Amino acid sequence: MTIKFPSRLIFSAFSLALLAGCGDKTTDTSENKQDSTVAGRAPVAMTAPKLEDTFKAEIDALSAHPQVKEAFQFIEDYDEQTIKTLITLTEIEAPPYKEKNRSDKYLSLLKEAGADSVWQDEVWNAIGLVKGTKRGKVLAFCAHLDTVFPEGTDTRVQQSGDTLKAPGISDDTRGLAILITIMKAIRKSGIQPENDILFIGNVGEEGQGDLRGAKYLFGPNGPKIDAFISVDGSGHESVTNQALGSHRYRITFQGPGGHSWGAFGLGNPHHALGRAINYFTDEADKFTRSGPKTNYNVGVISGGTSVNSIPFESIMEVDMRSESPESLVKVDTILQQAVRKALADQNKLKRHGPDLTVKIEMIGDRPSGEHPESMAIVQRGIAATQFVGGRPTLRRGSTDSNIPISKGIPAITIGGGGMGRNAHSLDEYFINKDGVLGIKRALLIVLAEVGIDDEMRIESR
Ligand SMILES: [Zn+2]
C-alpha cells in the first residue's frame, strides 16, 4: 500500500486557502457551510485553539498505524460509493417526526457495513454497534436523519458538474453517509476498537424535533454512552464544543372569527399577532444590540381562511438563542410581555364579541453548556483537524451535542467534509471538494476516543 498522504494534504490545504481567498472568513469555504448548518445556527466566535503535545502525538501515532493507513486508503478508494450512499439517503424524505423510512434504510446500511448488531429504539433512532475488544466505554457516533423539509418536498438529487443539489443533502445526509463509510473502513482495514462504538442515525435534531433523538439517547431508556461525536453538515475545520441554548414557542391568538363585513368589530387574532411582533421586535432589538450574542426570529406565521374573513386564529413560531443563559431568559421575558400587551391592547380595540385569547406553547428548549478546550475529545478534534491540513476553530452551535454537553459528558460536533451551501433551503447543495479529509478527520477522532487493540489485530492475522 502506498501512502501519498502528506503531500496531498499540504496541497489540499493550500488550494482550499486559495479558494477561500484568504479573506476575513478565516476558514475555508466548506467550513462556512458547516456554519450555516451547525454553527450557522450559531454565531461564531473565532478562536485559535491551543493543541497540547500529548494529543498531537496521539493523532500522529494513530495516523501512522498500518491499519489506519489502510482505512485512509479505503476512504479514498470508496469515495464514489460514499457519494452514491449520500444520494440514496437524500432521496428518502425525512421530514420532522417522519424519519421512519429513512431510519429503516439506514438500519439496513449499518448492518451491511458490518455492525455486530443493529436495532431501532422507540423514537426510530437507527443504531449499529461495533463492539470493542475491552468493552469498557461506549462512544456514540451520530448523524441526524431528519431534515427541515415538509412531506412532499422534492428531494431528488440534481447533478450538474460537481454540484449535487437537493434539500437536506449536506445537512445532514452527508453526516449519515460518512458514518457508513467509516464503519466500512474500520471493517475493511481490520481495525479492532478497544471500546464500543454506537453508529447512530438519530431522529429529531432539527427545529421542532427539539433534539428528541439525542434526548432519548441520554434519557432513562437510552444506552450507556460515555462520549459523543455528532457529524453535522460539511467542512473539516470546525469543532463545536459549546452548546448554544435556545427557546422556541408557538403562540396562538384565538377569537370567534367571522365575516369581515358582517362581523366587523370582532377581535381579530391577526391584528393582535402583528401587534405582538411589533412590540417584541422593538424591545428585543434594543436588548440584543449589546451584551452576549442573543438572537430572535419569528420564523413561521399561519392562520386565516380567506381575505374577507376575520380569522379565528393566528399563529407564529418564534426562536430565540443566546450564548448566555441569562440573556436567553431575558429575551424570552420580552416576548411574553409583548404577547400579553398585544392581547390586552387588541381586546381594548374590539367593538363587540368575546375577548381574544392567547396560548403560549414552548416547542423547543435546548440546554446550553460548554466543554473546555483542554478536554480530551476537544483536543482530539483540534489535533485531527490539523492533521488533515485544516485550521481548527472552536465553535458554539445548537446541535445534538447540546444534550451531552449540558450533562457534562464529553461531546463535540464536527462537519462531514466537503462543501455544502444553502442549508435549510430548497437550493441546498453539496460539492465533494476534499470531502475525504472530513471523513479521515472523523475516523481519527473516533479511533482516538475508543483506542485500537493491537494485540487483537496481530492475533487475527
Ligand atoms: Zn444538521
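Residues numbered from 1 in each chain as written. Predicted model: local features only at pLDDT ≥ 70, side-chain atom pairs only at ≥ 80, totals over all residues.

Q: Let's hear about the overall build of the chain: which residues, and what values?
A: Looking only at helices and strands, one finds 14 helices and 19 strands in the chain. For the chain, the proportion of its 461 residues judged to be buried stands at 52%. (Helix = DSSP H or I, 4+ residues; strand = E, 2+ residues; numbered from the N terminus. Buried ≥ 20, exposed ≤ 12 C-beta atoms within 10 Å, placed from the backbone.)

Q: Any chance you could break down the packing of helix 3 (residues 53-64) against helix 13 (residues 435-450) for me, citing the residues and the numbers?
A: Interaxial distance between helix 3 and helix 13 falls to 10 Å at its minimum, and their mutual angle equals 105°. Viewed along their axes, helix 3 and helix 13 adopt a mutual orientation that is roughly perpendicular. Taken together, the residues of helix 13 that come into contact with helix 3 (itself represented by Glu58, Ile59, Leu62 and Ser63) are Leu444, Leu447 and Ala448. The residue inventory of the contact of helix 3 with helix 13, partitioned by class, reads 5 nonpolar, 1 polar and 1 charged. (Axes fitted to C-alpha atoms, helices over the stretch in contact; angles between N-to-C directions. Parallel < 35°, antiparallel > 145°, perpendicular 65-115°, else oblique. Contact = placed C-beta atoms within 7 Å. Nonpolar A, V, L, I, M, F, W, Y, C, P; charged D, E, K, R; others polar.)

Q: Give me the lowdown on the packing of helix 7 (residues 169-189) against helix 13, citing residues and values where you can.
A: Put simply, helix 7 and helix 13 touch, their axes get as near as 10 Å, and they point 60° apart. On the basis of the axis angle, helix 7 is oblique to helix 13. The interaxial crossing formed by helix 7 with helix 13 has right-handed handedness. Residues Ile178, Thr181, Ile182 and Ala185 of helix 7 pack against Gly438, Ile439, Ala442, Leu443 and Val446 of helix 13. Residues belonging to the contact of helix 7 with helix 13 are distributed by class as follows: 7 nonpolar, 2 polar and no charged. (Left-handed = near helix turned anticlockwise from the far one by under 90°.)

Q: Please provide a residue-by-residue account of the sheet that holds strand 18 (residues 419-421), values included.
A: Taken in spatial order, the 4 strands of this open sheet run 4-5-19-18, and their pairing is antiparallel. The sheet is open, and its two borders are formed by strand 4 (158-160) and strand 18, each paired with just one other strand. For this sheet, the mean inter-axis angle between neighbouring strands, taken without regard to orientation, is 20°. This element, helix 7, spans strand 5 (163-165), strand 18 and strand 19 (429-431) of the sheet and lies at about 50° to strand 19. (Pairing = 2+ DSSP bridges.)

Q: Any chance you could break down the environment of glutamine 159 for me, citing the residues and the numbers?
A: With respect to the helices, strands and loops of the structure, glutamine 159 is situated in strand 4. In sequence terms glutamine 159 and phenylalanine 430 are 271 residues apart; their C-alpha atoms lie 9.8 Å from each other.

Q: Explain the confidence of the model for the chain to me, using residue names and the numbers behind them.
A: As a note on interpretation, predicted positions should not be read in detail where pLDDT is low. The share of residues in the chain with pLDDT of 70 or more is 88%, and the mean pLDDT across the chain is 89. Within the model, pLDDT remains below 50 along residues 1-45, and this stretch shows 89 contacts once partners closer than five positions in the same chain are excluded. (pLDDT = per-residue confidence, 0-100.)

Q: Got a sec to walk through the environment of valine 318? Specific residues and values, please.
A: Structurally, valine 318 can be placed in strand 13 (residues 313-322). Valine 318 sits 17 residues away from leucine 335 along the chain, and the two C-alpha atoms are 9.0 Å apart. The residues touching valine 318, leaving out its near neighbours within four places in the chain, are Arg248, Tyr249, Ile251, Tyr296, Asn297, Val298 and Leu335.

Q: So, the sheet that holds strand 14 (residues 357-366): which residues are in play, and what are the values?
A: Strand order in the open sheet formed by 4 strands is 11-13-9-14, with antiparallel pairing between adjacent strands. Edge positions in the open sheet fall to strand 11 (294-302) and strand 14, since each of these has one partner strand only. Taking the axes of each pair of neighbouring strands and ignoring which way they run, one obtains an average angle of 20° across the sheet. Judged from the 8 bridges that link them, strand 11 and strand 13 form a sheet pairing that is antiparallel.

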